[in-house]
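Chains, contacts and geometry: an overview
Here is what each chain is made of, one letter per residue.
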Amino acid sequence: MSTNQHYSFFQSVERSFDKAAKFTNINHGLLEQIKACNSVLQMRFPIKRDDGTIEVIEAYRVQHSHHKAPCKGGIRFSDEVNQDEVMALASLMTYKCAIVNVPFGGGKGGIKINPRNYSEYELEKITRRYTAELVKKNFIGPGIDVPAPDYGTGSREMAWIVDTYQSLKPGEIDAAGCVTGKPVSQGGVRGRTEATGLGVFFGLREVCNMPRQMAKLGLPLGVKDKTLVVQGLGNVGYHCAKFFRENGAKVIALAEYEGAIYNADGLNEEEVFQHRKATGSILNFPGATNLAKNTDALELECDILIPAALENVINGENAPRVKAKIIGEAANGPCTPEADEDFQKRGILCVPDMYLNAGGVTVSYFEWLKNLSHVRYGRMEKRFTENLNTHILSQIETLTGKTVEAGERAFIMHGPEEVDLVHSGLEESMITATREIMAIWEANPAIPDMRTAAYVNAINKVATSYGELGIFP
Ligand code: NAD
């Protein structure tokens, strides 16, 4: 799925970059440097399968940009992985970090396996060997390159990575910062698991609260009662669906690998998840209708379509049949340049991946900072804030002679836990990024779409940091 009819994924990213570069005043040479992938590591290593056979594994790590250290980006396990895809994803990471003001260069890793075809023990051996290869080549470390979860990987794989790294680098005090998305018990941060889906929600909620944008689309303001279709019920898709549902939107269809289901009254993602776990399929969910093909879900009438699986799923062929008013790119690269052109012509608003799914990397940044500071967020201020708030409340009650109701009292007194601070830092980052990009777009009517505005924002920020470094010999 890494190529469409005209462009590879990396070429699509380059094409979007070039389209946006015209709206900047940056020197051509510097633009070329920003666009180029700085280092590409390609690996082949053997593992012994459970049945005793030896298999050669193909894997990659790409550091797209060294303008800031460390590089940052997920590791993907998928049998679609190839060098072009990893390069494209690493580039998107550079731009994503710049937009949400996370001081990292972009990176990405990929192992060409379908994790469903391997036992847990085999996956552990592959992940540990991959990490050892990265250590050998100096491609991992808290100040060098910091991987994270992506498609097909999660906190389990990150725990194997940090353990392997720590065993190979004894005594490195900041070693826990060599990877993010770890379990909390291994140095992870509370709020990382849901971060990407929650970030997508915050970004789209901000768009839905913009009167000019909603008027253009003929939609009422706000998230409440909006209808949604979500493709992919993995980490990102599941949490997107959850936060939209909890905020009054209706998830009318969910699509997975094996098929798609529809219910005009709304689906509960947790119930569907449990049904899939029990039966092995999303299909035949009580009260829902099965759709003939899983891609049919992409073409349903709805307010917001959220592709949260893989790239190139909406392309020149099916884009004209998409009926959603807003596309929220939770996955990386789900819409091809041809799809973008179609959306632009038909006035569909595509909210681009390169910032919309930045919640994961934003909270990864918080996790990395936690690892370097060796202290849990909230530890220093929680008790102090609670004591202070209790004091203020009792002063108010004494002065007014009235008592604050118990629910309100608990809310006001509450000192911040780690998860509160992480969610609030994420909310702030996503709202600010959405407003910055919209402001660039609205200030220049020649900019054709929101993706181009996001690239303009990213290119300007990366160019500025190159300028600040005075980097060229
Ligand atoms: P995941 O592996 O947890 O989930 C992906 C889901 O998509 C799986 O359940 C899979 O079965 C499903 N899927 C695959 N092909 C499908 C198809 N054709 N139709 C419908 N469903 C399909 O992965 P994830 O972490 O949720 O990542 C999803 C996307 O979000 C990827 O593009 C990834 O790069 C991007 N992303 C993830 C993060 C993160 O923090 N995990 C951060 C930024 C971007």
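Residues numbered from 1 in each chain as written. Predicted model: local features only at pLDDT ≥ 70, side-chain atom pairs only at ≥ 80, totals over all residues. Heavy atoms only, no water.

Our focus in this paragraph is the overall build of the protein chain. Each helix and strand counted, the protein chain has 16 helices and twelve strands in total. Rg of the C-alpha trace for the protein chain: 23 Å, near the compact-globule value of 23 Å for 473 residues, within the 12% margin. Structurally, the protein chain occupies a C-alpha span of about 75 × 55 × 55 Å along its principal axes. With 473 residues in all, the protein chain has 57% of them scored as buried. Counted over contacts in the protein chain with a minimum sequence separation of 6, partners at least 24 positions apart contribute 69%. A total accessible area of about 19700 Å² is found for the protein chain, and carbon and sulfur atoms account for 53% of it. Each charge class in the protein chain was averaged separately, 51 positive and 58 negative side chains, and the resulting centres sit 2 Å apart. (Helix = DSSP H or I, 4+ residues; strand = E, 2+ residues; numbered from the N terminus. Rg over C-alpha atoms; globule rule 2.2 N^0.38 Å. Buried < 20%, exposed > 50% of the residue type's maximum accessible area, 1.4 Å probe, protein only. Contact = heavy atoms within 4.5 Å. Areas by Shrake-Rupley, 256 points an atom, 1.4 Å probe, with all protein chains shown as cover. Lys, Arg positive; Asp, Glu negative; His and termini not counted. Charge placed at Lys NZ, Arg CZ, Asp CG, Glu CD.)

In this section: the domain arrangement of the protein chain. Each assigned domain of the protein chain is listed with its residue range as follows: domain 1 (40-181) and domain 2 (195-356). When domain 1 packs against domain 2, close to 990 Å² is buried across both sides, 56% of that on carbon and sulfur atoms. Together, Leu-92, Lys-96 and Tyr-151 form the three largest contributors to the area buried by domain 1 at its contact with domain 2, with a combined 41%. Taken together, domain 1 and domain 2 are joined by one salt bridge. A salt bridge links Glu-311 to Arg-76; the shortest N-O distance between them is 3.0 Å. Looking at the side of domain 1 that touches domain 2, its residues break down into five nonpolar, one polar and seven charged. (Domains from an automatic or database assignment. Buried area = accessible area lost by both parts, 1.4 Å probe. Salt bridge = Lys/Arg side-chain N within 4 Å of Asp/Glu carboxyl O. Nonpolar A, V, L, I, M, F, W, Y, C, P; charged D, E, K, R; others polar.)

With respect to topology, seven strands assemble into an open sheet ordered E9-E8-E7-E6-E10-E11-E12, the strand pairing being mixed. Every other strand in the sheet has two partners, leaving strand E9 (289-291) and strand E12 (349-351) as the edge strands with one partner each. Averaged over all pairs of adjacent strands, the angle between strand axes in this sheet comes to 20 degrees, irrespective of strand direction. In the sheet, strand E6 (residues 227-231) pairs with strand E10 (residues 304-307) via four bridges, with the strands oriented parallel. Along E10, the bridge assignment pairs Val-230 with Ile-306. (Pairing = 2+ DSSP bridges. Axes fitted to C-alpha atoms, helices over the stretch in contact; angles between N-to-C directions.)

In this structure, the second largest pocket occupies an estimated 230 Å³ of space. In terms of lining, the second largest pocket is formed by 15 residues, of which the most central are Gly-347, Ile-348, Leu-349, Trp-441 and Pro-448. Counting residues per element, the ones that place at least two in the lining of the second largest pocket are helix H7 (211-217), helix H10 (337-346), E12 and helix H16 (450-469). Across the lining of the second largest pocket, the residue classes break down as eight nonpolar, three polar and four charged. (1 Å grid on protein atoms, 1.4 Å probe; cavity = no way out; pocket = protein on both sides within 12 Å on 5 of 7 lines; lining within 4 Å. Points joined across faces, edges and corners; volume = space filled by probe spheres on them.)

Let us look at the sheet that holds strand E2 (residues 54-63). Within the open sheet, the five strands sit side by side as E1-E2-E4-E3-E5. Their pairing is mixed. The outermost strands of the open sheet, each flanked by one partner alone, are strand E1 (39-48) and strand E5 (145-149). Each strand axis lies, on average, 20 degrees off the axis of its neighbour in the sheet, ignoring direction.

The immediate surroundings of the ligand are formed by 22 residues, with Arg-76, Asp-150, Thr-196, Glu-256 and Asn-332 found nearest. Arg-192 has a polar side-chain atom sitting 3.5 Å from an oxygen atom of the ligand. Contact between the ligand and Asn-332: an oxygen atom at 2.9 Å from a side-chain N or O atom of the residue. Protein coverage of the free-state accessible area of the ligand, which is 830 Å², stands at 89%. Secondary structure elements with two or more residues in the shell around the ligand: helix H8 (235-246) and strand E7 (250-256). Considering only residue class, the shell around the ligand consists of eight nonpolar, nine polar and five charged. If you count residues domain by domain, the shell around the ligand takes at least three from each of domain 1 (40-181) and domain 2 (195-356). (Near = heavy atom within 4 Å. Polar contact = N/O pair within 3.5 Å; in protein donor to acceptor, adjacent residues only side chain to side chain.)

Now for the pairing of E10. Both faces of E10 are covered, namely the face carrying Ile-304 and Ile-306 and the face carrying Leu-305 and Pro-307. As paired elements, E10 and strand E11 (residues 326-328) share two bridges and run parallel to each other. Bridging from a neighbouring strand, Ile-304 pairs with Ile-326 of E11.

Here the focus is the side chain of His-64. Tracing the chain through its elements places His-64 in the loop between E2 and strand E3 (71-77). At 2.6 Å, the side chain of His-64 forms a polar contact with the side chain of Thr-94. Ignoring anything within four residues of it in the chain, the contact list for His-64 reads Ile-34, Lys-35, Ala-36, Cys-37, Asn-38, Ala-90, Ser-91, Thr-94, Tyr-95, Gly-106 and Gly-107.

Here we take up empty space enclosed by the protein. Under the counting rule described, the total for this entry stands at one cavity of 30 Å³ or more. By volume, the largest cavity amounts to about 130 Å³. Forming the boundary of the largest cavity are 15 residues, of which Ser-12, Ser-16, Gly-333, Cys-335 and Arg-451 lie nearest the centre. Counting residues per element, the ones that place at least two in the lining of the largest cavity are helix H1 (9-21), H10, helix H11 (353-356) and H16. The element best represented in the lining of the largest cavity is H1, accounting for four residues. In the lining of the largest cavity, the residues fall into seven nonpolar, five polar and three charged.

Turning our attention to helix H15 (residues 418-443). For H15, built from 26 residues, the straight-helix expectation of 38 Å at 1.5 Å per residue is met to within 8% by its first-to-last C-alpha distance of 38 Å. Taken together, the buried positions of H15 are Glu-418, Val-422, Gly-425, Leu-426, Ser-429, Met-430, Ile-431, Ala-433, Thr-434, Ile-437, Met-438 and Trp-441. (Expected span 1.5 Å × (residues − 1).)

Next up on the list: a nonpolar patch on the surface. A cluster of nonpolar residues, Phe-384, Leu-388, Ile-392 and Ile-396, forms a patch on the protein surface that exposes about 380 Å² of accessible area. In this fold, Phe-384 is placed in helix H13 (residues 382-400). Note on Phe-384: relative accessible area 57%, which makes it exposed. (Patch = residues over 30% accessible without salt bridge, like charges linked within 9 Å, V, L, I, M, F, W, Y side chains within 5 Å.)

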